[in-house]
Amino acid sequence: MAAYLIADVDVTDAATFDEYKREVPATEARHGGRYLARGGATRVLEGDWDPHRLVIVEFPDMAALTAWYDSPEYERLKEIRFRSARTRIIAIEGMPAA
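Presented here is an overview of the structure given in this document.

Calculation rules
- The numbers attached to residues start from 1 for each chain and follow its sequence in the written order.
- In keeping with the model being predicted, local features are shown solely for residues with a pLDDT of at least 70 and side-chain atom pairs are shown and tallied solely at 80 or more, while totals for entire chains, interfaces and linings include all residues.
- By convention in this description, side-chain values take in all heavy atoms of the structure and omit both hydrogens and water.
- For two strands to count as paired, DSSP must find a minimum of two bridges between them.
- Runs of E in the DSSP output that reach at least two residues are strands. Runs of H or I that reach at least four are helices, and both are numbered from the N terminus.
- The convention used is that axes are lines fitted to C-alpha atoms, helices contributing only their stretch in contact, and that angles between N-to-C directions extend from 0 to 180 degrees.
- The contact rule is simple, with two residues in contact once any of their heavy atoms fall within 4.5 Å.
- What a helix is expected to span follows from its residue count: subtract one and scale by 1.5 Å.
- Whether two aromatic rings pair depends on their centres lying within 6.5 Å, for rings of Phe, Tyr and Trp, where Trp uses its six-membered ring; planes under 30 degrees apart make the pair stacked, over 60 edge-to-face, and the rest tilted.
- Only protein chains enter the accessibility calculation, which uses a 1.4 Å probe; a residue whose area is less than 20% of its type maximum is buried, one above 50% is exposed, and one in between is partly exposed.

1. Looking at the sheet that holds strand β1 (residues 3–11)
Okay, step 1: If you trace the four strands from one edge of the open sheet to the other, you get β2-β3-β1-β4, paired in antiparallel fashion. Among the strands making up the open sheet, the edge pair consists of β2 (34–38) and β4 (85–93). Strand-to-strand twist in this sheet, taken as the mean axis angle between neighbours without regard to direction, amounts to 20°.
Okay, step 2: By the bridge criterion, nine bridges tie β1 to β4 in an arrangement that is antiparallel. Paired with Val 9 across the strands is Thr 87, a residue of β4.
Okay, step 3: Against the sheet, helix α1 (residues 14–29) engages β1, β2, β3 (53–59) and β4, with an angle of about 145° to β2.
Okay, step 4: Sheet strands in contact with helix α2 (residues 62–69) are β1, β3 and β4, and its direction is about 35° off that of β1.

Below you can see the structure in the form of structure tokens.
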């Protein structure tokens, strides 16, 4: 069952964050991840959420998502992200195929 990473990213240092943006897609792809949304326009329909840069990445399953997030190759990139942005990230399992 597919799993999704949903991130709300508030970039605080664009120059440093650019390095993260350049390098992270290849690490996700190696774990079967693919972007469904990445920094596009948003529109709040209800509630008081004030999203920044939203990202949605689909992985084959929660195990693949977790393996990517905990991988040594992503650990270095997490440090870059920590220095250049404030993020809120969740992982959610998708629905079983009908």
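That shown, we press on.
2. Some words on helix α3 (residues 72–84)
Side chains that are three or four residues apart share a direction in an α-helix, a result of its 3.6 residues per turn.
Okay, step 1: Relative to the 18 Å expected for 13 residues at 1.5 Å per residue, α3 spans 19 Å between its end C-alpha atoms, a close match to the ideal helical length.
Okay, step 2: Lining the buried residues of α3 we find β1, α1, α2 and β4.

3. Concerning the packing of aromatic side chains
Okay, step 1: By the definition in use, this model includes six aromatic pairs.
Okay, step 2: When the ring of Tyr 69 is compared with that of Tyr 74, the centres are 5.8 Å apart and the planes differ by 50°; the resulting orientation is tilted.
Okay, step 3: Look at Tyr 69 and you get partly exposed, because its relative accessible area is 28%.
Okay, step 4: Within the aromatic cluster, the residues linked to one another by ring pairs are Phe 17, Tyr 20, Phe 59, Trp 68, Tyr 69 and Tyr 74.

4. Some remarks on the side chain of Ser 84
Okay, step 1: Counting through the fold element by element, Ser 84 comes out in helix α3.
Okay, step 2: Apart from residues no more than four positions distant in its own chain, Ser 84 is found in contact with Asp 10, Val 11, Thr 12, Asp 13, Thr 16 and Phe 17.

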